Amino acid sequence: MQPTVSQSAAPDYDIGKLSIVKPRHYGRWLAAAAILAILLFIVKAFADGQIAWRVVGQFFTAPAILSGLVNTIAMTVCAMALGITLGVIFAVMAMSPNPVLRGTAVLYIWFFRGTPLILQLLLWFNLALVFPRIGIPDVFSIRTVELITPFVATLLGLGINQGAYTAEVVRSGILSVDSGQTEAASAIGMTRLTALRRIVMPQAMRVIIPPVGNEVISMVKLTSIASVIQYSEILRNAQTIYYANNYVIELLFVAAIWYLAVVTVLSIGQHFLERHFGRGQRKTASAQKTGALT
Amino acid sequence: MTGAAPMLVARNLTKQFGSFTALQDVSLDISPGEVLCIIGPSGSGKSTFLRCLNQLERLDGGAVWIDGELIGYRRVGDKLHPLSDAEVARQRLATGMVFQRFNLFQHMTALQNIVEGPITVQKRPRAEVMAEALALLDRVGLADKRDAYPAQLSGGQQQRVAIARALAMKPKLMLFDEPTSALDPELVGEVLAVMRGLAGSGMTMIVVTHELGFAREVGHRVVFMDRGAVVEAGSPQQILSNPQQARTRDFITAVLN
């Protein structure tokens, strides 16, 4: 510590009487102005363009659109339920000490991840070409075309395909749980399956929920490809209407708005699910959250 | 301690991990009410021995009997049939285990951790289990933490909950696998105090530990293991103050300094 010669006055260490100037954030104002201008341009373009907004409003709650919406939601729920069920079963099989079960799971995941979804849908829908009748010989049988309706074909196609993806998600979730948890469960006398159900899966959910939530949202939109096998979901019904009245863009807008609405509701639901399965981690989770905000 | 039938008999236990021999011909008996402390350098096979007793590891050779029941196999004539997952789970009810890293169920509160086994595994009535669990929490000094999640507890508190969780199953024998090794030094005392109380109540305990003070004060017998084998066993006085083997002497000197 040697005294500085050039400094005439001692530095002022008391800053209590000074005030802090608020940062101006010019960049934010500039960006906001630019984006607002672009938005206004787009809105004006669509307002001047040849879109009959009246038709959008008119068909927004048309019975065909609403029934399509119900079918879309019903298919999303059923296909995801099937997909998650299969996903959990095959994930557990893939991690089983039994080599036969393990091999079966690997084969399932390999096949259904390895072929295009639309091809699988067409295969299910045309199953009657291979098996005209399905059932138990001499006991009961049914004509395949009666059993494999567009709904059933779509459900099998989407659900079984989804299962292959969900199996991998569930497997990574199970792997994320510390092996000490399984050992502690064994030590209090739990069997492998009880430990999985009571201890491992609830903790794996924290890792599984975000990607599965993502997949539910994908599924809402994926149901639209079932229009190729005549399942009357919302997009197919919108198409049927515009084939008749030629308001193509208007009806596509109607469908788009409904998809957005459903996805928005699902995103909110996902948020609450994640919070529920994050319990026990909440202290650290909220600490991270505030840390990220500051 | 002599006279009574042994609570646990381990004969010629052998365990390999690949080419590494973790246990070589280890034989030990423990009587009801006895507190056996196992000491030794890391990698000496102490933890493996403990984990073999409740079948977290499968033995490559030798056998264990708890209260006269052969562990892991059913003997039919001259043949040994490996037990099913469910039968192994039932046998594990005889032992309670406390882990170095606590391993509390992270998604459950302290109370839920304790009642999980009695309710889910033993299918005992909920009200009765709850009352016992609250008494156990009180016994380990954590009555006010019943609704805390493990992440909200200190290491010492977590380990005390883990002891309560093991006790809730009413085991005949408690296994402690370095229960204080993962703790900050100032938290070791509270866990040892709970274990001292447990020993005082007559519980049969096998404790793998580096706490020589605890072994001397609470242990009835001390076993020194090295390189997968029992080097020396005897009273705490004999082993800790007057070891006969050079390896035991070296280890104790190293720990005390």
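The preceding data block contains the structure.
Residues numbered from 1 in each chain as written. Chains lettered and ligands numbered in written order. Predicted model: local features only at pLDDT ≥ 70, side-chain atom pairs only at ≥ 80, totals over all residues. Heavy atoms only, no water.

A. Quick peek at the sheet that holds strand β9 (residues 173-177) of chain B. Residue and element names in this part refer to chain B. Taken in spatial order, the six strands make up an open sheet running β8-β9-β10-β3-β11-β12, and their pairing is mixed. The open sheet has two free edges, formed respectively by β8 (95-98) and β12 (229-234), since each of these has just one partner strand. Adjacent strand axes in the sheet meet at a mean angle of 20° when their direction is disregarded. Sheet topology places strand β11 (residues 221-226) next to β12; five bridges connect them, and they run antiparallel. Of the residues in β12, the one forming a bridge with V222 is G234. (Pairing = 2+ DSSP bridges. Helix = DSSP H or I, 4+ residues; strand = E, 2+ residues; numbered from the N terminus. Axes fitted to C-alpha atoms, helices over the stretch in contact; angles between N-to-C directions.)

B. Broad picture of the packing of aromatic side chains. By the definition in use, this model includes nine aromatic pairs over all chains. Here the aromatic rings of A:F46 and A:F253 are separated by 5.9 Å at their centres, their planes lie at 45°, and the arrangement is tilted. Of this pair, A:F46 sits in helix α1 (residues 26-48) while A:F253 is found in helix α11 (residues 248-277), placing the two residues 207 residues apart along the sequence. Under the relative-accessibility criterion, A:F46 is labelled partly exposed at 38%. The class for A:F253 is partly exposed, based on a relative accessible area of 25%. Judged by centre distance (4.6 Å) and plane angle (10°), the ring pair of A:F60 and A:W258 falls under stacked. Highlighted residues: A:F60 in helix α2 (residues 53-60) and A:W258 in helix α11, separated in sequence by 198 residues. Looking at A:W258, the relative accessible area reads 18%, which means it is buried. Linked through ring pairs, A:F90, A:Y108, A:F111 and A:F112 together constitute an aromatic cluster. Stacked on the ring of B:F105, the Lys or Arg B:R165 has its end atom at 4.5 Å from the ring centre. (Phe/Tyr/Trp six-rings, centres within 6.5 Å; stacked < 30°, edge-to-face > 60°. Buried < 20%, exposed > 50% of the residue type's maximum accessible area, 1.4 Å probe, protein only. Lys NZ or Arg CZ within 6 Å of the ring centre and 35° of its normal.)

C. Spotlight on helix α9 (residues 246-256) of chain B. Residues and elements named next belong to chain B. Residues of α9 that are buried: T248, F251 and I252. All buried residues of α9 lie within an arc of 95° about the axis, which places them on one face of the element. The exposed residues of α9 that point more than 90 degrees off its buried face are D250 and A254. Next to the buried residues of α9 lie β3 (35-39), α7 (212-218), β11, β12 and α8 (236-241). (Arc of directions from axis to C-beta. Contact = heavy atoms within 4.5 Å.)

D. Looking closely at the pattern of salt bridges. Residues and elements named next belong to chain B. Counted under the stated rule, the structure contains 21 salt bridges over all chains. Between E57 and R51 there is a salt bridge, with the nearest N and O atoms lying 3.1 Å from each other. Across the pair, R51 and E57 agree in class, each one buried. In this structure, D226 and R227 form a salt bridge, with 4.0 Å as the shortest nitrogen-oxygen distance. We classify R227 as exposed; its relative accessible area is 60%. Shared partners join several salt bridges into a network, and the residues in it are R124, E128, E132 and K170. (Salt bridge = Lys/Arg side-chain N within 4 Å of Asp/Glu carboxyl O.)

E. Quick look at the sheet that holds strand β5 (residues 69-70) of chain B. Residues and elements named next belong to chain B. If you trace the four strands from one edge of the open sheet to the other, you get β2-β1-β4-β5, paired in antiparallel fashion. A strand with exactly one partner marks an edge of an open sheet, and here the two such strands are β2 (20-30) and β5. Pairing of strand β4 (residues 61-66) with β5, which is carried by two bridges, proceeds in the antiparallel orientation. From the neighbouring strand, I66 faces β5, where its bridge partner is E69.

F. Main features of the nonpolar core. Counting 50 residues, the largest nonpolar core has B:I163, B:M174, B:F176, B:M195 and B:M205 as its most contacted members. Beyond its immediate sequence surroundings of up to four residues, B:M195 is in contact with B:I163, B:F176, B:P179, B:M205, B:V207 and B:F214. (Core = buried A, V, L, I, M, F, W, Y, C linked by side-chain atoms within 4.5 Å.)

G. Representation of the pairing of β8(B) within the structure. Residues and elements named next belong to chain B. Residues T95 and M97 of β8 are buried on one face, and the alternating residues G96 and V98, pointing to the opposite face, are buried as well. The sheet contact formed by β8 and β9 spans four bridges and is parallel. Residue pairing for β9: T95 is matched across the bridge by L173.

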